[in-house]
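One-letter residues, chain by chain:
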Amino acid sequence: MRRLSTALSGIAVLVLATACSGGGGGEDEEGGLRRITAGAIPIVDVAPLHLGVDQGFFADRGIDLEIQPGSGGAAAVPGVVSGNFEFAFGNTVSLLVARDQGLPLKVFANGVSSNGEQGADFSAVFVRDDSPVETAADLEGTTVAANNLLNIGDTTVRESVREAGGDPSDIEFVEMAFPDMVPALENGRIDAAWLVEPFTTAALDAGNREIASNFVDTHPELSVAAYFTSEEMLAREPELIDDVEAALQESFAYAEANPDEVRRVLGEYTEIDGAALTDIRLPRWPEAVNEESVGVLADLMLEDGLIGTEADLAALYR
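Remember, predicted model here, so these are calculated numbers, not experimental data.

So, how was this worked out
Residue indices begin from 1 for each chain and proceed along its sequence in written order. Two thresholds apply to this predicted model, a pLDDT of at least 70 for residue-level local features and 80 or more for giving and counting side-chain atom pairs, whereas whole-chain, interface and lining totals are computed over all residues. Only hydrogens and water are removed before side-chain values are computed, so all heavy atoms of the structure are retained for them. Pairing of aromatic side chains here covers Phe, Tyr and the six-membered ring of Trp, requires ring centres within 6.5 Å, and sorts the geometry by plane angle: under 30 degrees stacked, over 60 edge-to-face, intermediate tilted. By the criteria applied, helices consist of DSSP H or I runs no shorter than four residues and strands consist of E runs no shorter than two, each listed in order from the N terminus. Accessible area is worked out with a 1.4 Å probe on protein chains only. A residue is then buried under 20% of its type maximum, exposed over 50%, and partly exposed in between. The contact criterion used throughout is that any non-hydrogen atoms of two residues lie within 4.5 Å. The directions considered for the arc are those from the helix axis to the C-beta atoms.

Draft legend 1. Fine view of the packing of aromatic side chains. A complete count under the given rule lists 9 aromatic pairs for this structure. Each ring, one from Phe87 and one from Phe108, has its centre 5.9 Å from the other, and the planes form 80 degrees; the classification is edge-to-face. Placement of Phe87 in strand β4 (residues 87–91) and of Phe108 in strand β5 (residues 105–113) is noted, with a sequence separation of 21 residues between them. Both residues of the pair, Phe87 and Phe108, count as buried. By way of ring pairs, the aromatic residues Phe87, Phe89, Phe108, Tyr227 and Phe252 are connected into one cluster.

Draft legend 2. Geometry of the environment of Lys106. If you trace the backbone, Lys106 turns up in strand β5. Note on Lys106: relative accessible area 17%, which makes it buried. Distance in space between the C-alpha atoms of Lys106 and Met233 is 9.6 Å, their sequence separation being 127 residues. Among residues more than four places away in sequence, those in contact with Lys106 are Arg99, Tyr227, Phe228, Thr229, Glu231, Leu234, Ala315, Leu316, Tyr317 and Arg318.

Draft legend 3. Quick look at helix α11 (residues 259–269). Among all positions in α11, only Glu261, Val262, Val265, Leu266 and Tyr269 are buried. Considered in projection along α11, the buried side chains sweep an arc of 140 degrees and stay on one side of the axis.

Right, here's the structure in full:
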């Protein structure tokens, strides 16, 4: 928790130093479009954002959107609060932690949600096929990998353990990049791994066994991530954020109705190969955040010590 607090304190200093800076947008002299930048890690979850550019949903609203890839919230949060990004994509737990630390962020659109299918969600916990671990309850006393600690992965895995009747207090979570987890399972460096697509499919293809759908265990309609901006941007450019939200809503509807288009665009901005594109499990992109599910996450975060006080959920949303 000390490492997380230190990192967020550093971001808070950045906010104070740059909060008055202007946004990164400009005008395209040729097309007359407003050029803006979004921060979005190149994963399955943000397919609608790329489809929105591809299908002209942003251009139809006068926006020339540049999508800046990054490693996740660690880059997206300071990018938004400093004005380098007009908006960004981040997981719900990261945003709740940021708000708990006093960072002026606001969610204005849903990002991605669990598909609600036990044993077929895009997020799952895996063990080797010969592991003695049969259910999430058996993870007590084991080593489990997550891509970031004190975040949505370990928070929801703990809930899977509780739901299965186990005690997550003596699980050792280790931080590991998603691409390294399947090899680490195979050589016995870890006992279990929390994975999301396309790594979920890779784990299955390698012969590993799925023991829990941790997002579904937490809430069947879990809002996993959202698009967010800064309070300053909302105050200064409310109509721009309205236009971004409208383009995103059209993009979500298009992605939900056209899964083949989702798989096509994934091949353009990720390194997922053709065979995996056919097999990967897709999430859901509903038009609205499921606020009840975010409340469940907030309660778990308080229980597990990720936040120090009860989350002000009303302050999270625009």
